[in-house]
Amino acid sequence: LEASSLREATTIATAPGRAFPWHHNLASLPEARLVSVETWPGRHSVQEVQGLWLHTNHLLRGDIAAGGEQGAYVASSSRPRFEALQGRATAKAPSTRDDVLDMLCDRGSAPEGCGVYRLPGDKVPGVTVGTVTFESPRIEMILVEGSPCTGRRRVARP
């Protein structure tokens, strides 16, 4: 958050000595750029993002994803939620922020009693505590507390 450029933020996110994997989505409104940064101890991958970008808390790319991330969790939660979102986006590409939030409200496409957003009591442990949407080039974000379907929405601007 304190970086003065996307390049500086990426350098910070990929600093040596990381203890565990992480996926960062880093954006710069002045530069009109978004990058996806996946890190694993000892290596990282940076990808420029164009268009709709979907992510559900697991590593996506090649040698980074093959690093041994928590396989059972990815197989039972992250990957099915990602695939459900991909399916929805392929069937009808979202064109508004509300379309994106509607995609996130899907409770039926992901298997194992685990919808795209997570509720207490789902078969796979975990809960969605909030959602943030960005719509470039607007300099604002929508914060949704709890469920993306019913949670309280707030607009945040610098």
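Just above sits the structure.
Counting from 1, residues in each chain are numbered in the order their sequence is written. Totals for whole chains, interfaces and linings use all residues, but because this is a predicted model, local features are given only for residues with pLDDT of at least 70 and pairs of side-chain atoms are given and counted only at 80 or more. Think of the side-chain values as coming from all heavy atoms in the structure, minus any hydrogens and water.

Describing the sheet that holds strand S3 (residues 43-48)
The strand order across the open sheet formed by three strands is S1-S2-S3, and the pairing between neighbours is antiparallel. If you trace the sheet from one side to the other, it starts and ends with strand S1 (22-28) and S3, each paired once. Direction aside, the axes of adjacent strands within the sheet are offset by 20° on average. DSSP bridges decide pairing: two strands pair if at least two such bridges lie between them. Here a strand is any run of E in DSSP of at least two residues, a helix any run of H or I of at least four, and the numbering for each starts at the N terminus. As paired elements, S1 and strand S2 (residues 33-40) share seven bridges and run antiparallel to each other. By the bridge assignment for S2, His23 is matched with Glu38. Interaxial angles span 0 to 180 degrees and are taken between N-to-C directions of axes, which are lines fitted to C-alpha atoms, for helices over the stretch in contact.

So, helix H1 (residues 6-13)
The classification of residues rests on relative accessible area computed with a 1.4 Å probe and restricted to protein chains. Under 20% of the type maximum is buried, over 50% is exposed, and intermediate values are partly exposed. Listed in full, the buried residues belonging to H1 are Leu6, Ala9, Thr10 and Ala13. For H1, the angular spread of the buried residues around the axis is 100°, confining them to a single face. Structural note: H1 exposes Arg7 and Ile12 on the side pointing more than 90 degrees away from its buried face. Contact between two residues is taken to exist if any of their heavy atoms lie within 4.5 Å; hydrogens are not considered. Turning to H1, the residues buried within the fold contact S1, S2 and S3. In this description, one arc is meant: the one made by directions from the helix axis to the C-beta atoms.

Quick notes on the side chain of Thr14
Along the chain, Thr14 turns up in the loop between H1 and S1. Setting aside its immediate chain neighbours within four residues, Thr14 contacts Val37, Thr39, His44 and Val46.

Some points on the side chain of Glu140
Inspection of the secondary structure assignment puts Glu140 in the loop between strand S4 (130-134) and strand S5 (141-145). For this analysis, a polar contact is any N or O atom pair within 3.5 Å, provided that within protein one partner can donate a hydrogen and the other can accept it, and provided that sequence-adjacent residues contribute only side-chain to side-chain pairs. Only 3.0 Å separates the side chain of Glu140 from the side chain of Arg157, close enough to count as a polar contact. With residues up to four places along the chain from it excluded, the contact list for Glu140 reads Arg97, Thr133, Phe134, Val155, Ala156 and Arg157.

Some details on the state of the cysteines
Two cysteine sulfurs form what is called a disulfide whenever their separation falls within 2.5 Å. Summed over all chains, the structure comprises one disulfide. Between the sulfur of Cys105 and that of Cys149 lies a disulfide, 2.1 Å long from S to S. Its S-S torsion of about -140° marks the bond between Cys105 and Cys149 as left-handed, since a negative value means left-handed. With Cys105 in the loop between helix H4 (97-104) and S4 and Cys149 in the loop between S5 and strand S6 (153-156), the pair connects residues that are 44 residues apart, well separated along the chain.

Some points on the pattern of salt bridges
Any Lys or Arg side-chain nitrogen located within 4 Å of an Asp or Glu carboxyl oxygen qualifies as a salt bridge. Counted by the stated rule, this structure contains ten salt bridges. One salt bridge connects Arg33 with Glu48, and the closest N-O pair in it is separated by 2.9 Å. Here Arg33, found in strand S2, pairs with Glu48, found in strand S3; they are 15 residues apart in sequence, far enough to count as distant. Take Arg33: its relative accessible area is 33%, and that puts it in the partly exposed class.

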